[in-house]
Amino acid sequence: MSDEYDVIVIGAGAVGENVADRAVQGGLTAVLIESELVGGECSYWACMPSKALIRSGSALRAAQRLEGAREAVTGALDASAVLHRRSRIVHDWDDSSQVEWVDGAGISLVRGHGRIVGERTVEVTDSSGTTTTLRARQAVVVSTGSDPLLPDIPGLLDANPWTARDATSAKVVPPSLAIIGGGVVAVEMATAYASFGTTVTVFARSGLLSHEEDFAGEMVADGLRELGVDIRSTSPSRVERTDAGVVLHSDGDPVTASEVLVATGRVPRTTDIGLESVGLKPGEWIEVDDTLRVPGIDWLYATGDVNHRALLTHQGKYQARAAGDVIAARAKGAEVDDAPWGRHVATADHLAVPQVTFSDPEVASVGLTSTRAEKEGLRVRTVDYDLSWVAGATIQADHYRGKARMVVDEDRKVIVGVTFVGQDVSELVQAATMAIVGEIPLDRLWHAVPAYPTLSEIWLRLLETYGRDS
Ligand SMILES: Cc1cc2nc3c(=O)[nH]c(=O)nc-3n(C[C@H](O)[C@H](O)[C@H](O)COP(=O)(O)OP(=O)(O)OC[C@H]3O[C@@H](n4cnc5c(N)ncnc54)[C@H](O)[C@@H]3O)c2cc1C
Ligand SMILES: NC(=O)c1ccc[n+]([C@@H]2O[C@H](COP(=O)([O-])OP(=O)(O)OC[C@H]3O[C@@H](n4cnc5c(N)ncnc54)[C@H](O)[C@@H]3O)[C@@H](O)[C@H]2O)c1
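Residues numbered from 1 in each chain as written. Chains lettered and ligands numbered in written order. Predicted model: local features only at pLDDT ≥ 70, side-chain atom pairs only at ≥ 80, totals over all residues.

- A UniProt comment under Sequence similarities (unreviewed entry) is attached to the chain, and it reads "Belongs to the class-I pyridine nucleotide-disulfide oxidoreductase family."
- As its UniProt record puts it under Cofactor (unreviewed entry), the chain is described as follows: "FAD". (UniProt positions renumbered as here; feature names shortened; annotations may be inferred.)

Written out as structure tokens, the structure reads:
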């Protein structure tokens, strides 16, 4: 194997794979360096297994919400069958199918830990300790992802806490689970484990889903309480593992649980990748421009979680497409299209990041919340509508509960943010993303007629509530 490539990508998660693929499609050679499983966190310990753990419970509850179907589903969820389905979906943590894809895409793969040792140079150390030095003619791309943040709570580390990896790869369901955190991981894992019959307590000192519109966290909290989850607006001050389980002390009664899951955010995987050799600080997120290039180092790029622009697989893959393409364009001396919304920039990271939280109810949002839009100085009008009033919702579930909010930039008469909360709203968000990215004028949106009776009729109701010039 040659030790010189056009592009070296450190980290073969979903994002790194896409950078390498675009570079190869642009006529360059590329090598991926991977220390664990090709496919990364999302495939094996994050998006895919977490959604598999949640989905069976959501499907069961959806059936229970329909007269007629409810009578047919009288049993409880079979947790071990759900775990089995999860393991099948993650290919039993075997990455051979992804390696096959890498081969087929014409990308080289080197297994081991990659570390930058100088300009365009990366050293790879494999599991036997053997070191190989690789050189990049064009670019080195860091796509090493993120690790869970472990807060400095006395006793926590000694209590052997679960991280998201343990929660998504568990082989047995614990009788009780305490969760520290109120973000997406906490909410989704509380939903999954409560569906299995686990007694779940969530310590969410700033409420749930605080990055979303306020009503989202409130409705999700109601949904979790209906599943039996105890939600506490505090953080544990001390944790200890005893014979009875893990005991979490806070300003309320102590909570004893079989396991404690830490879901308090992420830190960059940059402590041991040689950042100091190029004047960057190890352990920090890597700052990049909109072409995903590190300012001041013309051969170094960072994509995905590690640049902290949006910690989501789809957004990281979007960055990867721009980065792979711009590296190829710069290599050929071709024109770089780096104006906002150009081919070689990740403009949407600032304005239109969609996210779905697979709780019950689901939360699907994109763009700015009303608070964020106001903070950014936009003159906005907020339009709310009760999703249960839409005919499609009446069909979807008996006693449907949901809410939608549209945030309109009054100066441009375009939508800058949308949030949907309710059962099965996840698929609604792409239309909202298109409206924001396309800057579709509200006047034109009136001509995008939603089919009747679907949940999408919410679009018409939001427009009617906003009003139309007569
Ligand atoms: C529980 C959970 C659920 C999630 N669910 C969703 C979801 O539903 N939808 C969504 O969009 N996002 C979700 N996310 C976020 C998503 O997982 C991340 O945004 C995504 O995995 C980031 O991709 P990445 O390629 O940047 O990093 P990673 O997937 O972490 O990949 C980085 C790769 O680099 C490798 N690596 C690291 N350092 C080195 C090194 N020095 N040398 C060689 N290899 C190295 C790692 O082994 C890894 O394979 C979830 C996250 C969690 C924790
Ligand atoms: N469906 C999805 O798209 C999905 C699913 C899971 C994760 N993710 C991504 O993964 C990333 C990580 O998720 P996350 O939930 O770990 O982080 P997060 O940053 O979304 O949430 C962390 C939460 O923990 C709380 N917290 C922090 N310290 C605490 C403490 N000591 N006590 C109590 N609460 C504390 C914070 O207030 C915050 O609510 C997110 O950026 C998310 O976008 C996405």
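1. What about the overall build of the chain?
For step 1, the next point in the chain: Each helix and strand in the chain was counted, giving 15 helices and 21 strands.
For step 2, the next point in the chain: Here the C-alpha atoms of the chain give a radius of gyration of 24 Å, agreeing with the 23 Å that 2.2 N^0.38 yields for 470 residues.
For step 3, the next point in the chain: Sorting the 470 residues of the chain into buried and exposed places 47% on the buried side.
For step 4, the next point in the chain: Here the analysis covers contacts within the chain between residues at least 6 apart in sequence; of these, 66% occur between residues at least 24 apart. (Helix = DSSP H or I, 4+ residues; strand = E, 2+ residues; numbered from the N terminus. Rg over C-alpha atoms; globule rule 2.2 N^0.38 Å. Buried ≥ 20, exposed ≤ 12 C-beta atoms within 10 Å, placed from the backbone. Contact = placed C-beta atoms within 7 Å.)

2. What to know about the site of ligand 2
For step 1, the next point in the chain: Taken together, 25 residues lie around ligand 2, and G181, G183, V185, S235 and L311 are the ones closest in.
For step 2, the next point in the chain: At the level of secondary structure, the elements contributing two or more residues to the shell around ligand 2 comprise α7 (184-196) and β17 (355-357).
For step 3, the next point in the chain: Considering every element that reaches the shell around ligand 2, the biggest residue donor is α7, with four residues.
For step 4, the next point in the chain: When its residues are assigned to classes, the shell around ligand 2 shows twelve nonpolar, ten polar and three charged. (Near = placed C-beta within 6 Å. Nonpolar A, V, L, I, M, F, W, Y, C, P; charged D, E, K, R; others polar.)

3. Some words on the site of ligand 1
For step 1, the next point in the chain: With respect to spatial proximity, 35 residues lie near ligand 1, and among them G11, G13, G40, G145 and G304 are the closest.
For step 2, the next point in the chain: Every element with two or more residues in the shell around ligand 1 is listed here: α1 (14-25), β2 (30-34), α2 (40-44), α3 (47-64), β4 (113-118), α6 (164-169) and α9 (313-332).
For step 3, the next point in the chain: Two domains each put at least three residues into the shell around ligand 1: domain 1 (4-39 + 95-147 + 267-348) and domain 2 (157-264). (Domains from an automatic or database assignment.)

4. Comments concerning the pairing of β2
A regular strand carries its side chains on alternate faces of the sheet.
For step 1, the next point in the chain: With five of five residues buried, β2 is to be regarded as a mostly interior element.
For step 2, the next point in the chain: Neither face of β2 is left uncovered, since the one carrying A30, L32 and E34 and the one carrying V31 and I33 both have all their residues buried.
For step 3, the next point in the chain: In this structure, strand β1 (residues 4-10) lies alongside β2, joined through four bridges in parallel fashion. Across the sheet, residue I8 finds its bridge partner in β2, namely V31. (Pairing = 2+ DSSP bridges.)

5. Here we look at the environment of V173
For step 1, the next point in the chain: Of note, V173 is situated in the loop between α6 and β8 (176-180).
For step 2, the next point in the chain: Residue classification places V173 among the partly exposed residues on the basis of 19 C-beta atoms within 10 Å.

6. A look at α9
Along an α-helix, residues three or four positions apart point the same way, because every turn accommodates 3.6 residues.
For step 1, the next point in the chain: Its 20 residues give α9 an end-to-end C-alpha distance of 29 Å, which sits within 8% of 28 Å, the value for a rise of 1.5 Å per residue.
For step 2, the next point in the chain: Counting buried positions along α9 gives 14 out of 20 residues, so the element sits mostly inside the fold.
For step 3, the next point in the chain: Trailing α9 by a residue or two, G333 shows a phi angle of about 75 degrees, which is positive. (Expected span 1.5 Å × (residues − 1).)

7. Let's talk about the sheet that holds strand β9 (residues 199-203)
For step 1, the next point in the chain: Sheet architecture is open: four strands sit in the order β10-β9-β8-β14, paired in parallel fashion. Only two strands of the sheet have a single partner each, and these edge strands are β10 (230-232) and β14 (259-262). Adjacent strand axes in the sheet meet at a mean angle of 20 degrees when their direction is disregarded.
For step 2, the next point in the chain: Judged from the three bridges that link them, β9 and β10 form a sheet pairing that is parallel. Across the sheet, V202 pairs through a bridge with I231, a residue of β10.
For step 3, the next point in the chain: Set on the sheet, α7 makes contact with β8, β9 and β14; between it and β9 the angle comes to about 165 degrees. (Axes fitted to C-alpha atoms, helices over the stretch in contact; angles between N-to-C directions.)

8. Section: the nonpolar core
For step 1, the next point in the chain: Core analysis: the biggest nonpolar cluster contains 139 residues, and V7, I8, I179, A190 and V260 have the highest contact counts within it.
For step 2, the next point in the chain: With ten residues, the top contributor of residues to this core is α7.
For step 3, the next point in the chain: The residues contacting V7, other than those within four sequence positions of it, are A20, A23, L28, A30, A136, Q138, A139, V141 and I327. (Core = buried A, V, L, I, M, F, W, Y, C linked by C-beta atoms within 7 Å.)

9. Quick notes on the UniProt feature "domain: Pyridine nucleotide-disulphide oxidoreductase dimerisation" (unreviewed entry) in the chain
For step 1, the next point in the chain: The sites that UniProt annotates as "domain: Pyridine nucleotide-disulphide oxidoreductase dimerisation" (unreviewed entry) are residues 353-459.
For step 2, the next point in the chain: The span residues 353-459 shows a helical share of 25% and a strand share of 31%, and its end C-alpha atoms are spaced 19 Å apart.

10. Some thoughts on the pairing of strand β18 (residues 362-367)
For step 1, the next point in the chain: Here β18 lies mainly inside the structure; six of its six residues are buried.
For step 2, the next point in the chain: Here β17 hands over to β18 after four residues, the two strands then running antiparallel side by side.
For step 3, the next point in the chain: Pairing analysis gives six bridges linking β18 to strand β21 (residues 414-422), with the strands arranged antiparallel. Counted as the bridge partner of V366 is V418 from β21.

11. A look at the domain arrangement of the chain
The accessible area lost on association of the parts is a frequent measure of interface size.
For step 1, the next point in the chain: Domain annotation for the chain reports domain 1 (4-39 + 95-147 + 267-348), domain 2 (157-264) and domain 3 (361-466).
For step 2, the next point in the chain: Partitioned by chemical class, the residues of the side of domain 2 that touches domain 3 number five nonpolar, one polar and two charged.

12. Overview of α3
For step 1, the next point in the chain: Spanning 18 residues, α3 covers 26 Å between terminal C-alpha atoms, matching the ideal 26 Å at 1.5 Å per step.
For step 2, the next point in the chain: A bend of about 30 degrees at R55 is the largest found in α3.
For step 3, the next point in the chain: Within the span of α3, buried status applies to M48, P49, S50, A52, L53, I54, G57 and S58.
For step 4, the next point in the chain: Those residues of α3 that are buried are in contact with α2, α4 (79-89), α6 and α7. (Bend = angle between axes of the 7 residues up to and from the residue.)

13. Concerning the packing of α3 against α4
For step 1, the next point in the chain: In contact at an axis separation of 9 Å, α3 and α4 are set at 150 degrees when each is read in the N-to-C sense. Judged by the angle between their axes, α3 and α4 are roughly antiparallel. With respect to the hand of their crossing, α3 and α4 are arranged in right-handed fashion. Where α3 abuts α4, its residues M48, P49, A52, L53 and S56 lie against V82, R85, R86 and I89.
For step 2, the next point in the chain: Of the residues assigned to the contact of α3 with α4, the class counts are six nonpolar, one polar and two charged. (Parallel < 35°, antiparallel > 145°, perpendicular 65-115°, else oblique. Left-handed = near helix turned anticlockwise from the far one by under 90°.)

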